[in-house]
Amino acid sequence: MATLDQVRNILRDTLSLGDRADRIDSSSPLLGAIPEFDSMAVVAVLTMLEDQFGFTVEDDEFSADFFQTLGSLVEFVDRKLSV
């Protein structure tokens, strides 16, 4: 399964988006655009990403920029996986 699909599934499950997740593509905005995606959800999504992909995000590398679009979140995951 492609990283994009895995990340979309994490968003679907964590935010309880149901079928709405199917309409999210790489250019879809996340923060500020999905009402369920609040600060607590950011932490939950980040935890799920760490668990699913087996990496750790240190406090000093965290940025809200990762959560601007699905594409930026996938790029962040791909960078973490390439380290």
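Not measured: the values here are computed from a predicted model. (Residues numbered from 1 in each chain as written. Predicted model: local features only at pLDDT ≥ 70, side-chain atom pairs only at ≥ 80, totals over all residues. Heavy atoms only, no water.)

**Student:** Explanation requested: the overall build of the protein in the structure shown.
**Tutor:** Looking only at helices and strands, the protein has three helices and zero strands in total. Element order for the protein, N to C, with α for helix and β for strand: α-α-α. At 12 Å, the protein has a C-alpha radius of gyration in line with the 12 Å of a compact globule built from 83 residues. In terms of its C-alpha atoms, the protein occupies a principal-axis envelope of roughly 30 × 30 × 20 Å. Here the contacts in the protein between residues at least 6 apart in sequence split such that 57% fall between residues at least 24 apart. In the protein, 6 positive and 16 negative side-chain charges are present, and the distance between their average locations comes to 7 Å. (Helix = DSSP H or I, 4+ residues; strand = E, 2+ residues; numbered from the N terminus. Rg over C-alpha atoms; globule rule 2.2 N^0.38 Å. Contact = heavy atoms within 4.5 Å. Lys, Arg positive; Asp, Glu negative; His and termini not counted. Charge placed at Lys NZ, Arg CZ, Asp CG, Glu CD.)

**Student:** Even after reading the chapter, I still don't get the confidence of the model for the protein, so can you show me in this structure?
**Tutor:** As a general rule, the predicted coordinates of low-pLDDT regions are not to be interpreted in detail. On average, residues of the protein score 95 in pLDDT, and 100% of them reach the 70 mark or higher. Within the protein, the lowest mean pLDDT, 95, falls on helix 2 (residues 39-53), and the highest, 97, falls on helix 1 (residues 3-15). (pLDDT = per-residue confidence, 0-100.)

**Student:** Explanation requested: the packing of aromatic side chains in the structure shown.
**Tutor:** We describe a pair of aromatic rings using the distance from one ring centre to the other and the angle between the two ring planes. Here the structure, examined in full by the defined rule, presents six aromatic pairs. Pairwise contacts between aromatic rings join Phe-37, Phe-53, Phe-55, Phe-62, Phe-66, Phe-67 and Phe-76 into one cluster. (Phe/Tyr/Trp six-rings, centres within 6.5 Å; stacked < 30°, edge-to-face > 60°.)

**Student:** Mind showing me how you'd approach the pattern of salt bridges here?
**Tutor:** Any two side chains of opposite charge can pair, on the condition that their charged atoms come close. On inspection of all chains with the given rule, the structure shows four salt bridges. The residue Arg-8 makes a salt bridge to Asp-5 at a minimum N-O spacing of 3.0 Å. Separated by three residues within a single helix, Arg-8 and Asp-5 lie in helix 1, roughly one turn from each other. Owing to a relative accessible area of 30%, Asp-5 belongs among the partly exposed residues under this scheme. Close ionic contact of Lys-80 with Glu-61 constitutes a salt bridge, the shortest N to O distance being 3.0 Å. Within this pair, whereas Lys-80 is found in helix 3 (residues 70-82), its partner Glu-61 is found in the loop between helix 2 and helix 3, the two being separated by 19 residues in sequence. According to the relative accessible area criterion, Lys-80 is buried, its value standing at 17%. Residue classification places Glu-61 among the partly exposed residues on the basis of a relative accessible area of 27%. (Salt bridge = Lys/Arg side-chain N within 4 Å of Asp/Glu carboxyl O. Buried < 20%, exposed > 50% of the residue type's maximum accessible area, 1.4 Å probe, protein only.)

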